[in-house]
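This is what each chain is made of:
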Amino acid sequence: MDECVRVLDHMPERNPTDGTFELTIRCNLHCKMCLFRHDDSENAEIMAKELTAAQWIDMARQVAEAGTLSLLITGGEPMLRPDFCEIWEGIYKQGFVITLYTNATLVTPKIMETLRKYPPHRIGITFYGSNPETYERVTGSAKAFELALQGARELITLPSKMVFRMTIIRDNANDVHEIEEMVHREFGEDHLVSFAFRIHQPVRGGCADAVSCRLPPSEYIDLLFRNTIREIKNDFGDFIDEDRLLLRVSQKTSDRESPSVYSLFGCHAGMDSYTVSYSGKLLGCQLLGMFSTDAVKDGFLSAWEEYPYCVSLPDRNPQCLMCENREYCNTCYASRYAETGDLSGVPEYACAEARYLKSLADY
(Lines give C-alpha, C1' and ligand atoms only; values in the text may rest on other atoms or scores of the structure.)
Protein backbone atom coordinates (compact mmCIF):
# COMPACT_ATOMS: atom_id res chain seq x y z
CA MET A 1 0.00 0.00 0.00
CA ASP A 2 2.82 2.47 0.87
CA GLU A 3 4.48 1.90 -2.50
CA CYS A 4 1.15 2.44 -4.25
CA VAL A 5 0.61 5.72 -2.36
CA ARG A 6 4.06 6.96 -3.38
CA VAL A 7 3.23 6.27 -7.04
CA LEU A 8 -0.08 8.10 -6.68
CA ASP A 9 1.71 11.14 -5.27
CA HIS A 10 3.38 11.62 -8.69
CA MET A 11 0.44 10.64 -10.86
CA PRO A 12 -1.43 13.16 -13.03
CA GLU A 13 -5.05 13.86 -12.20
CA ARG A 14 -7.39 11.07 -13.21
CA ASN A 15 -10.66 11.87 -14.99
CA PRO A 16 -13.10 9.16 -16.19
CA THR A 17 -13.91 10.74 -19.54
CA ASP A 18 -13.95 7.62 -21.74
CA GLY A 19 -16.10 4.69 -20.63
CA THR A 20 -17.12 1.22 -21.79
CA PHE A 21 -20.27 -0.56 -20.64
CA GLU A 22 -20.02 -4.32 -21.12
CA LEU A 23 -23.74 -5.17 -21.06
CA THR A 24 -23.07 -8.90 -21.20
CA ILE A 25 -20.19 -11.25 -21.74
CA ARG A 26 -22.47 -13.73 -23.51
CA CYS A 27 -22.65 -14.02 -27.29
CA ASN A 28 -24.82 -15.83 -29.83
CA LEU A 29 -21.71 -16.74 -31.86
CA HIS A 30 -18.89 -19.09 -30.87
CA CYS A 31 -15.82 -17.44 -32.38
CA LYS A 32 -12.66 -19.49 -32.01
CA MET A 33 -10.51 -16.54 -30.96
CA CYS A 34 -12.88 -14.55 -28.72
CA LEU A 35 -11.20 -12.82 -25.77
CA PHE A 36 -14.15 -13.05 -23.42
CA ARG A 37 -16.67 -15.71 -24.49
CA HIS A 38 -17.47 -18.32 -21.87
CA ASP A 39 -18.86 -21.77 -22.50
CA ASP A 40 -22.63 -21.83 -22.98
CA SER A 41 -22.95 -23.99 -19.87
CA GLU A 42 -22.01 -20.88 -17.85
CA ASN A 43 -24.70 -18.63 -19.34
CA ALA A 44 -27.24 -19.11 -16.55
CA GLU A 45 -24.65 -18.16 -13.94
CA ILE A 46 -23.53 -15.17 -16.00
CA MET A 47 -27.10 -13.94 -16.55
CA ALA A 48 -27.72 -14.05 -12.80
CA LYS A 49 -24.81 -11.63 -12.32
CA GLU A 50 -25.65 -9.21 -15.12
CA LEU A 51 -26.79 -5.75 -14.10
CA THR A 52 -30.47 -5.06 -14.68
CA ALA A 53 -31.68 -2.40 -17.09
CA ALA A 54 -32.41 -0.08 -14.17
CA GLN A 55 -28.90 -0.59 -12.80
CA TRP A 56 -27.29 0.17 -16.16
CA ILE A 57 -29.35 3.32 -16.59
CA ASP A 58 -28.47 4.48 -13.08
CA MET A 59 -24.80 3.67 -13.76
CA ALA A 60 -25.00 5.87 -16.87
CA ARG A 61 -26.33 8.70 -14.73
CA GLN A 62 -23.47 8.25 -12.28
CA VAL A 63 -20.71 8.17 -14.89
CA ALA A 64 -22.18 11.22 -16.62
CA GLU A 65 -22.09 13.12 -13.34
CA ALA A 66 -18.49 11.95 -12.83
CA GLY A 67 -17.45 13.49 -16.16
CA THR A 68 -17.71 10.71 -18.76
CA LEU A 69 -18.14 12.20 -22.23
CA SER A 70 -17.85 9.23 -24.59
CA LEU A 71 -19.32 5.79 -23.94
CA LEU A 72 -18.94 2.49 -25.78
CA ILE A 73 -21.75 -0.06 -25.48
CA THR A 74 -20.42 -3.55 -26.12
CA GLY A 75 -20.40 -7.16 -24.96
CA GLY A 76 -20.25 -10.07 -25.69
CA GLU A 77 -23.08 -9.20 -28.03
CA PRO A 78 -25.14 -6.41 -26.41
CA MET A 79 -28.22 -7.04 -28.57
CA LEU A 80 -28.47 -10.50 -27.01
CA ARG A 81 -30.11 -8.88 -24.01
CA PRO A 82 -33.92 -8.82 -24.32
CA ASP A 83 -33.93 -5.44 -22.54
CA PHE A 84 -31.35 -3.91 -24.90
CA CYS A 85 -33.76 -1.25 -26.17
CA GLU A 86 -34.70 -0.15 -22.66
CA ILE A 87 -31.03 0.04 -21.65
CA TRP A 88 -30.02 1.88 -24.82
CA GLU A 89 -32.73 4.51 -24.53
CA GLY A 90 -32.01 5.14 -20.85
CA ILE A 91 -28.26 5.46 -21.41
CA TYR A 92 -28.63 7.54 -24.55
CA LYS A 93 -30.70 10.18 -22.77
CA GLN A 94 -27.73 10.96 -20.51
CA GLY A 95 -26.11 12.78 -23.43
CA PHE A 96 -22.93 10.82 -24.21
CA VAL A 97 -21.06 10.62 -27.49
CA ILE A 98 -22.08 7.00 -27.84
CA THR A 99 -20.65 4.07 -29.81
CA LEU A 100 -22.18 0.64 -30.37
CA TYR A 101 -20.15 -2.50 -31.12
CA THR A 102 -22.10 -5.45 -32.52
CA ASN A 103 -21.82 -8.50 -34.77
CA ALA A 104 -25.07 -7.26 -36.42
CA THR A 105 -26.74 -10.71 -36.41
CA LEU A 106 -29.49 -9.84 -33.92
CA VAL A 107 -30.87 -6.63 -35.43
CA THR A 108 -34.67 -6.63 -35.16
CA PRO A 109 -37.39 -4.15 -36.19
CA LYS A 110 -37.77 -3.15 -32.52
CA ILE A 111 -34.05 -2.49 -32.17
CA MET A 112 -34.02 -0.47 -35.40
CA GLU A 113 -36.97 1.58 -34.20
CA THR A 114 -35.06 2.39 -31.02
CA LEU A 115 -31.81 3.19 -32.82
CA ARG A 116 -33.58 5.44 -35.34
CA LYS A 117 -34.98 7.42 -32.44
CA TYR A 118 -31.68 7.38 -30.55
CA PRO A 119 -28.95 6.85 -33.19
CA PRO A 120 -25.39 6.02 -32.14
CA HIS A 121 -22.73 8.48 -33.11
CA ARG A 122 -20.61 5.54 -34.24
CA ILE A 123 -21.27 1.86 -34.95
CA GLY A 124 -18.58 -0.80 -35.16
CA ILE A 125 -19.60 -3.97 -37.01
CA THR A 126 -17.34 -7.01 -37.08
CA PHE A 127 -17.44 -9.27 -40.12
CA TYR A 128 -15.80 -12.69 -39.82
CA GLY A 129 -15.93 -13.74 -43.46
CA SER A 130 -17.40 -13.01 -46.88
CA ASN A 131 -19.49 -16.17 -47.16
CA PRO A 132 -21.41 -18.70 -45.04
CA GLU A 133 -18.62 -21.28 -45.18
CA THR A 134 -16.08 -18.94 -43.57
CA TYR A 135 -18.61 -17.91 -40.93
CA GLU A 136 -19.17 -21.55 -40.12
CA ARG A 137 -15.45 -22.12 -39.63
CA VAL A 138 -14.89 -19.00 -37.51
CA THR A 139 -18.15 -18.51 -35.57
CA GLY A 140 -19.74 -21.96 -35.71
CA SER A 141 -22.75 -20.61 -37.63
CA ALA A 142 -23.12 -20.44 -41.41
CA LYS A 143 -26.49 -18.68 -41.00
CA ALA A 144 -24.77 -15.83 -39.17
CA PHE A 145 -23.30 -14.54 -42.45
CA GLU A 146 -26.63 -13.56 -44.00
CA LEU A 147 -27.91 -12.31 -40.65
CA ALA A 148 -24.85 -10.10 -40.22
CA LEU A 149 -25.09 -8.76 -43.76
CA GLN A 150 -28.78 -7.99 -43.41
CA GLY A 151 -28.23 -6.40 -40.01
CA ALA A 152 -25.47 -4.20 -41.41
CA ARG A 153 -27.75 -3.15 -44.28
CA GLU A 154 -30.28 -1.99 -41.69
CA LEU A 155 -27.71 -0.23 -39.50
CA ILE A 156 -26.13 1.62 -42.44
CA THR A 157 -29.41 3.52 -42.86
CA LEU A 158 -28.81 5.29 -39.55
CA PRO A 159 -27.07 8.71 -39.42
CA SER A 160 -24.10 7.08 -37.69
CA LYS A 161 -20.46 6.76 -38.67
CA MET A 162 -19.96 3.12 -39.67
CA VAL A 163 -16.73 1.29 -38.93
CA PHE A 164 -16.25 -2.24 -40.28
CA ARG A 165 -13.81 -4.54 -38.53
CA MET A 166 -12.37 -8.01 -38.97
CA THR A 167 -10.49 -10.32 -36.65
CA ILE A 168 -8.10 -12.44 -38.69
CA ILE A 169 -7.27 -16.04 -37.87
CA ARG A 170 -6.14 -18.99 -39.95
CA ASP A 171 -9.73 -19.79 -40.93
CA ASN A 172 -10.43 -16.46 -42.63
CA ALA A 173 -6.99 -15.08 -43.53
CA ASN A 174 -7.59 -15.83 -47.21
CA ASP A 175 -10.88 -13.95 -47.04
CA VAL A 176 -9.48 -10.49 -46.22
CA HIS A 177 -9.77 -8.99 -49.69
CA GLU A 178 -13.15 -10.61 -50.29
CA ILE A 179 -14.48 -9.01 -47.10
CA GLU A 180 -13.15 -5.63 -48.19
CA GLU A 181 -14.74 -6.05 -51.61
CA MET A 182 -18.03 -7.08 -49.98
CA VAL A 183 -17.99 -3.97 -47.78
CA HIS A 184 -17.26 -1.73 -50.79
CA ARG A 185 -19.95 -3.40 -52.86
CA GLU A 186 -22.60 -3.29 -50.17
CA PHE A 187 -21.82 -0.06 -48.35
CA GLY A 188 -19.63 2.10 -50.58
CA GLU A 189 -16.00 2.52 -51.59
CA ASP A 190 -15.35 5.03 -48.80
CA HIS A 191 -15.73 2.33 -46.14
CA LEU A 192 -12.52 0.55 -45.16
CA VAL A 193 -12.11 -2.58 -43.07
CA SER A 194 -9.73 -2.47 -40.12
CA PHE A 195 -8.53 -5.61 -38.43
CA ALA A 196 -6.98 -6.71 -35.17
CA PHE A 197 -3.19 -6.61 -35.10
CA ARG A 198 -2.81 -9.37 -32.55
CA ILE A 199 -4.97 -12.19 -31.23
CA HIS A 200 -4.49 -12.59 -27.50
CA GLN A 201 -5.15 -15.60 -25.38
CA PRO A 202 -8.64 -15.34 -23.81
CA VAL A 203 -8.92 -13.49 -20.51
CA ARG A 204 -11.31 -13.32 -17.55
CA GLY A 205 -12.28 -16.99 -17.85
CA GLY A 206 -12.80 -17.07 -21.61
CA CYS A 207 -12.89 -20.53 -23.17
CA ALA A 208 -11.52 -19.96 -26.70
CA ASP A 209 -8.18 -21.32 -27.87
CA ALA A 210 -6.35 -18.54 -29.69
CA VAL A 211 -3.11 -20.48 -30.03
CA SER A 212 -4.70 -23.06 -32.29
CA CYS A 213 -6.14 -20.55 -34.74
CA ARG A 214 -4.03 -17.40 -34.83
CA LEU A 215 -1.52 -16.71 -37.58
CA PRO A 216 2.25 -16.64 -37.06
CA PRO A 217 3.38 -13.12 -36.05
CA SER A 218 5.14 -12.44 -39.35
CA GLU A 219 1.94 -13.12 -41.32
CA TYR A 220 -0.09 -10.79 -39.10
CA ILE A 221 2.45 -8.00 -39.47
CA ASP A 222 2.64 -8.42 -43.25
CA LEU A 223 -1.15 -8.18 -43.42
CA LEU A 224 -1.07 -5.08 -41.22
CA PHE A 225 1.49 -3.36 -43.43
CA ARG A 226 -0.34 -4.20 -46.62
CA ASN A 227 -3.59 -2.91 -45.17
CA THR A 228 -1.93 0.27 -43.86
CA ILE A 229 -0.23 0.96 -47.19
CA ARG A 230 -3.51 0.38 -49.01
CA GLU A 231 -5.33 2.85 -46.73
CA ILE A 232 -2.63 5.50 -47.16
CA LYS A 233 -2.62 5.10 -50.92
CA ASN A 234 -6.39 5.39 -50.88
CA ASP A 235 -6.01 8.78 -49.19
CA PHE A 236 -2.86 10.12 -50.89
CA GLY A 237 -2.47 8.26 -54.17
CA ASP A 238 -0.27 5.56 -55.73
CA PHE A 239 2.88 7.70 -55.77
CA ILE A 240 3.68 6.62 -52.17
CA ASP A 241 7.06 4.84 -51.88
CA GLU A 242 6.15 1.52 -50.25
CA ASP A 243 9.70 0.70 -49.14
CA ARG A 244 10.11 4.01 -47.29
CA LEU A 245 6.63 3.69 -45.80
CA LEU A 246 7.40 0.15 -44.63
CA LEU A 247 10.52 1.44 -42.88
CA ARG A 248 8.62 4.21 -41.10
CA VAL A 249 5.82 1.89 -39.95
CA SER A 250 8.28 -0.74 -38.72
CA GLN A 251 10.20 1.75 -36.59
CA LYS A 252 9.58 2.16 -32.89
CA THR A 253 6.09 0.83 -32.25
CA SER A 254 5.38 1.67 -28.62
CA ASP A 255 6.27 4.12 -25.86
CA ARG A 256 4.08 2.35 -23.32
CA GLU A 257 5.30 2.01 -19.77
CA SER A 258 7.91 4.74 -20.12
CA PRO A 259 9.39 5.41 -16.67
CA SER A 260 8.99 9.15 -17.24
CA VAL A 261 5.21 8.88 -17.57
CA TYR A 262 3.26 8.27 -14.39
CA SER A 263 0.09 6.29 -14.89
CA LEU A 264 -1.34 3.08 -13.56
CA PHE A 265 -0.43 0.82 -16.48
CA GLY A 266 1.61 3.08 -18.76
CA CYS A 267 -1.46 3.87 -20.88
CA HIS A 268 -4.89 5.48 -20.54
CA ALA A 269 -6.43 2.55 -18.66
CA GLY A 270 -7.68 3.64 -15.26
CA MET A 271 -6.51 7.20 -15.95
CA ASP A 272 -9.17 8.56 -18.28
CA SER A 273 -10.69 5.30 -19.57
CA TYR A 274 -12.45 2.43 -17.83
CA THR A 275 -14.86 -0.47 -18.26
CA VAL A 276 -17.87 -1.35 -16.16
CA SER A 277 -18.21 -5.11 -16.53
CA TYR A 278 -21.45 -7.02 -17.00
CA SER A 279 -21.52 -7.69 -13.24
CA GLY A 280 -20.81 -4.11 -12.20
CA LYS A 281 -17.08 -4.33 -11.57
CA LEU A 282 -15.01 -1.27 -12.43
CA LEU A 283 -11.98 -2.29 -14.50
CA GLY A 284 -9.24 0.03 -15.64
CA CYS A 285 -8.64 -2.27 -18.60
CA GLN A 286 -11.24 -4.67 -19.99
CA LEU A 287 -8.53 -7.32 -20.38
CA LEU A 288 -7.37 -7.13 -16.76
CA GLY A 289 -10.08 -8.53 -14.53
CA MET A 290 -7.66 -9.11 -11.66
CA PHE A 291 -7.84 -5.46 -10.58
CA SER A 292 -11.35 -4.19 -9.88
CA THR A 293 -13.59 -2.25 -7.55
CA ASP A 294 -17.36 -2.55 -7.10
CA ALA A 295 -19.18 0.20 -8.99
CA VAL A 296 -22.59 -1.08 -7.89
CA LYS A 297 -21.98 -1.56 -4.19
CA ASP A 298 -19.80 1.53 -3.69
CA GLY A 299 -21.14 3.74 -6.48
CA PHE A 300 -19.17 4.66 -9.57
CA LEU A 301 -17.33 7.70 -8.24
CA SER A 302 -16.15 5.96 -5.08
CA ALA A 303 -15.11 2.90 -7.11
CA TRP A 304 -13.20 5.15 -9.53
CA GLU A 305 -11.40 6.96 -6.74
CA GLU A 306 -10.54 3.70 -4.97
CA TYR A 307 -9.38 1.88 -8.10
CA PRO A 308 -5.67 2.85 -8.03
CA TYR A 309 -5.30 1.38 -4.55
CA CYS A 310 -6.24 -2.10 -5.79
CA VAL A 311 -3.57 -2.09 -8.51
CA SER A 312 -0.32 -3.81 -7.61
CA LEU A 313 2.22 -4.27 -10.39
CA PRO A 314 5.53 -6.16 -10.39
CA ASP A 315 8.81 -4.80 -11.68
CA ARG A 316 9.48 -5.38 -15.35
CA ASN A 317 11.20 -8.62 -16.19
CA PRO A 318 14.99 -8.04 -16.54
CA GLN A 319 14.91 -10.13 -19.70
CA CYS A 320 12.56 -7.58 -21.27
CA LEU A 321 14.48 -4.55 -20.01
CA MET A 322 17.71 -5.83 -21.56
CA CYS A 323 16.16 -7.08 -24.80
CA GLU A 324 17.70 -5.65 -27.98
CA ASN A 325 14.24 -5.64 -29.59
CA ARG A 326 12.59 -3.69 -26.77
CA GLU A 327 11.81 -0.60 -28.83
CA TYR A 328 9.83 -2.78 -31.25
CA CYS A 329 7.90 -4.56 -28.51
CA ASN A 330 4.17 -3.90 -28.46
CA THR A 331 3.27 -5.53 -25.16
CA CYS A 332 1.62 -4.21 -22.03
CA TYR A 333 0.68 -5.63 -18.63
CA ALA A 334 -2.61 -6.94 -20.01
CA SER A 335 -1.12 -8.67 -23.04
CA ARG A 336 1.67 -10.22 -20.99
CA TYR A 337 -0.82 -11.54 -18.46
CA ALA A 338 -3.11 -12.91 -21.18
CA GLU A 339 -0.24 -14.78 -22.82
CA THR A 340 1.67 -16.03 -19.76
CA GLY A 341 -0.59 -15.68 -16.71
CA ASP A 342 2.07 -13.36 -15.26
CA LEU A 343 2.04 -9.55 -15.40
CA SER A 344 5.80 -9.56 -15.90
CA GLY A 345 5.88 -12.67 -18.08
CA VAL A 346 7.75 -12.94 -21.36
CA PRO A 347 5.22 -13.73 -24.12
CA GLU A 348 7.04 -15.56 -26.89
CA TYR A 349 4.40 -14.63 -29.46
CA ALA A 350 5.00 -10.91 -28.85
CA CYS A 351 8.77 -11.52 -28.82
CA ALA A 352 8.49 -13.05 -32.28
CA GLU A 353 6.57 -9.96 -33.44
CA ALA A 354 9.31 -7.66 -32.13
CA ARG A 355 12.05 -9.70 -33.78
CA TYR A 356 10.24 -9.58 -37.10
CA LEU A 357 9.59 -5.83 -36.85
CA LYS A 358 13.29 -5.24 -36.16
CA SER A 359 14.22 -7.37 -39.15
CA LEU A 360 11.99 -5.18 -41.34
CA ALA A 361 13.58 -2.01 -39.96
CA ASP A 362 17.06 -3.46 -40.55
CA TYR A 363 16.18 -4.53 -44.07
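Residues numbered from 1 in each chain as written. Predicted model: local features only at pLDDT ≥ 70, side-chain atom pairs only at ≥ 80, totals over all residues. Heavy atoms only, no water.

## Side note on the packing of aromatic side chains
This is how it is decided: The pairing test for Phe, Tyr and Trp rings, Trp by its six-membered ring, is centres within 6.5 Å, and the orientation test on the planes gives stacked under 30 degrees, edge-to-face over 60, and tilted for anything in between. Helix and strand labels come from DSSP, where a helix needs a run of H or I of at least four residues and a strand needs a run of E of at least two; each type is numbered from the N terminus. Exposure categories follow from relative accessible area, calculated using a 1.4 Å probe and restricted to protein chains: below 20% of the type maximum is buried, above 50% is exposed, and the middle band is partly exposed. The criterion for a charge sitting over a ring is simple: Lys NZ or Arg CZ within 6 Å of the ring centre, and within 35 degrees of the ring normal.
With the rule as written, the count across this model stands at 14 aromatic pairs. Note on F265 and Y333: the rings are 6.5 Å apart at their centroids and 65° apart in plane angle, and the pair reads as edge-to-face. Residue F265 is located in the loop between α10 (242–250) and β7 (273–276), and its partner Y333 is located in helix α13 (residues 333–340); the two are separated by 68 residues in the primary sequence. Look at F265 and you get buried, because its relative accessible area is 4%. The class of Y333 is buried, set by a relative accessible area of 11%. The aromatic ring of Y349 is capped on one face by R214, whose charged end is 3.8 Å from the ring centroid.

## Quick notes on the side chain of Q62
Inclusion rule: In what follows, residue pairs with any heavy atoms lying within 4.5 Å of each other are defined as contacts.
Residue position: Q62 is located in helix α3 (residues 53–66). On the basis of relative accessibility, which here comes to 18%, the residue Q62 falls in the buried class. In this structure Q62 touches G299 and F300, once residues within four positions along its chain are discounted.

## Describing the pattern of salt bridges
Convention followed: One speaks of a salt bridge when a side-chain nitrogen belonging to Lys or Arg is within 4 Å of a carboxyl oxygen belonging to Asp or Glu.
Per the counting criterion, the structure on display carries 14 salt bridges. With a shortest N-O distance of 2.7 Å, D58 and R61 are connected by a salt bridge. Here D58 and its partner R61 are both found in helix α3, 3 residues apart, which amounts to about one turn of the helix. When the shortest N-O distance is used, the salt bridge between K93 and E89 registers 2.9 Å. Because the salt bridges share partners, they merge into one network encompassing R26, E50, R81 and D83.

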